[in-house]
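# Structural characterization, general
Chain by chain, the residues run as shown.
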Amino acid sequence: MTIPPAPSGDISDSQVFDMTYAGQLSFGRLPASRDLSAIDLAIVGIPFDLGTTNRPGTRLGPRAIREQSTLTAEFPSGLWPWDHSVFDRHRVVDYFDIGFAPGYTEEMLTNTVQHVSALLEAGANVLALGGDHMIAYPLLQATAAKYGPLSLIHFDAHSDTWDAGEELNHGTMFLRAAREGLIVPEYSVQVGMRTPNESHGFNVIHADRFFEIGVEATVAEIHRTVGDRPAYLSFDIDFLDPAFAPGTGTPVIGGATTWQARQLLFGLKGLDIVGADLVEVSPPYDAVTNITALAGATLAHDELYLLGLAREQRASQG
Ligand SMILES: [Mn+2]
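Per chain, residues are indexed from 1 in the order of the written sequence. Two thresholds apply to this predicted model, a pLDDT of at least 70 for residue-level local features and 80 or more for giving and counting side-chain atom pairs, whereas whole-chain, interface and lining totals are computed over all residues. Side-chain measures here rest on the full set of heavy atoms in the structure, leaving out hydrogens and waters.

### Notes on the coordination of the manganese ion
Coordinating N, O and S atoms are those within 2.8 Å of the metal (3.2 Å for Na, K and Ca), and as water is not part of the atoms, a site may appear to have fewer donors than expected. Around the manganese ion, the protein contributes the donor atoms H133 (ND1), D156 (OD), D160 (OD) and D236 (OD), which lie 2.1 to 2.2 Å from the metal centre. Counting along the primary sequence, the residues that act as donors to the manganese ion give the motif H-x22-D-x3-D-x75-D. With H133 in the loop between β3 (125-130) and α5 (136-147) and D236 in strand β7 (residues 231-236), this pair connects stretches of sequence that are 103 residues apart. Throughout, exposure labels follow a simple rule: accessible area from a 1.4 Å probe, protein chains only, divided by the maximum for the residue type, with under 20% read as buried, over 50% as exposed, and the rest as partly exposed. Look at H133 and you get buried, because its relative accessible area is 0%. Counting from the N terminus, the helices are the DSSP runs of H or I reaching at least four residues and the strands are the DSSP runs of E reaching at least two.

Set out below in structure tokens:
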């Protein structure tokens, strides 16, 4: 028999690409890059879970989201039902994970600020994958340094504005960020809360009220509150009901469906979203089904579209 010729080319070979269950593990099959001269949108993983007050495991979140993202990114025409592919209109890369020594929280904070600041200074926008919600704090530090005090658009079961003085964890960072002037409560909206806390001046749309007024009125209220101010979009996967997202550290029943979550995100078109995160996916509690990571990957992919549309809007406004 004849021995076939040696294969040529690299591992981006289309046959490998077509296999959703195999191949290179990056968000949406994107190229891995840290070339700051050629990035519009960067996916940045922050595998940190020392800020959680209950069950850990979100350090494994970025990798699990990347794995499920091969399903959301397999269609060349884009993620349904968006009318384009964000990958066609922007240079999107997977910047991969922020490194830090396990146990050294200060190092995570410093390294996150440094990397994200460098990306923002180079003109890119960042979608961060958690990690627990505490990672939003260094992200807000870097983003506010670039864009000024921010509106926060926050989906979550918890308000994360617990008053614990200087203590920084995944339930306190938004009050601390407000006190430090990184975010402005009056121009910020928190949606989905179903745990008790003071509002601290934020516009809080509790889960009960959201179910009462629905997606459309909630979207309208977000637009009214945020206006044309630069906004940071923070999505805690426990905004979803545990039926849709069991794989998270602090689940609370009575949350939204994945469909409602996506409708809410579609409704944010037109807002000047300059930074975003998707946090609190904890794969150890997501065993067998991976549905939490799939929800996380899909919602993160939606957030990427919002970041891209906001870039186009800023460009057209000169
Ligand atoms: Mn949270």
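### What to know about helix α2 (residues 61-72)
To estimate the expected span of a helix, subtract one from its residue number and multiply by 1.5 Å. Helix length check: α2, at twelve residues, gives a terminal C-alpha distance of 16 Å against a target of 16 Å (1.5 Å per residue), a fit within 8%. Most of α2 is tucked away: nine of the twelve residues are buried. The set of residues buried in α2 consists of G61, P62, A64, I65, R66, Q68, S69, T70 and T72. Structurally, α2 contributes buried residues whose contacts are with β1 (41-46), β2 (92-97), β3, β8 (273-279) and α9 (291-316). When checking whether two residues touch, look at their non-hydrogen atoms; a contact exists if any pair is within 4.5 Å.

### Here's the deal with unusual backbone geometry
Put simply, W80 and P81 share a cis peptide bond, and its omega is -5°. By the element assignment, P81 lies in the loop between α2 and α3 (86-89). Cis geometry marks the peptide bond from G130 to G131; its omega dihedral reads 10°. Not every positive phi belongs to a glycine, and H200 is a case in point at roughly 55°. Of note, H200 is situated in the loop between β5 (189-193) and β6 (203-206). For E280, which is not glycine, the phi torsion reads 75° and is therefore positive. Counting through the fold element by element, E280 comes out in the loop between β8 and α9.

### A look at the environment of G45
Among the secondary structure elements, G45 is positioned in strand β1. On the basis of relative accessibility, which here comes to 0%, the residue G45 falls in the buried class. For the pair G45 and P62, spaced 17 residues apart in the sequence, the C-alpha separation amounts to 5.4 Å. Excluding residues that lie within four positions of it along the chain, G45 makes contacts with P62, R66, F96, D97, I98 and L129.

That is the geometry; function is a separate question.
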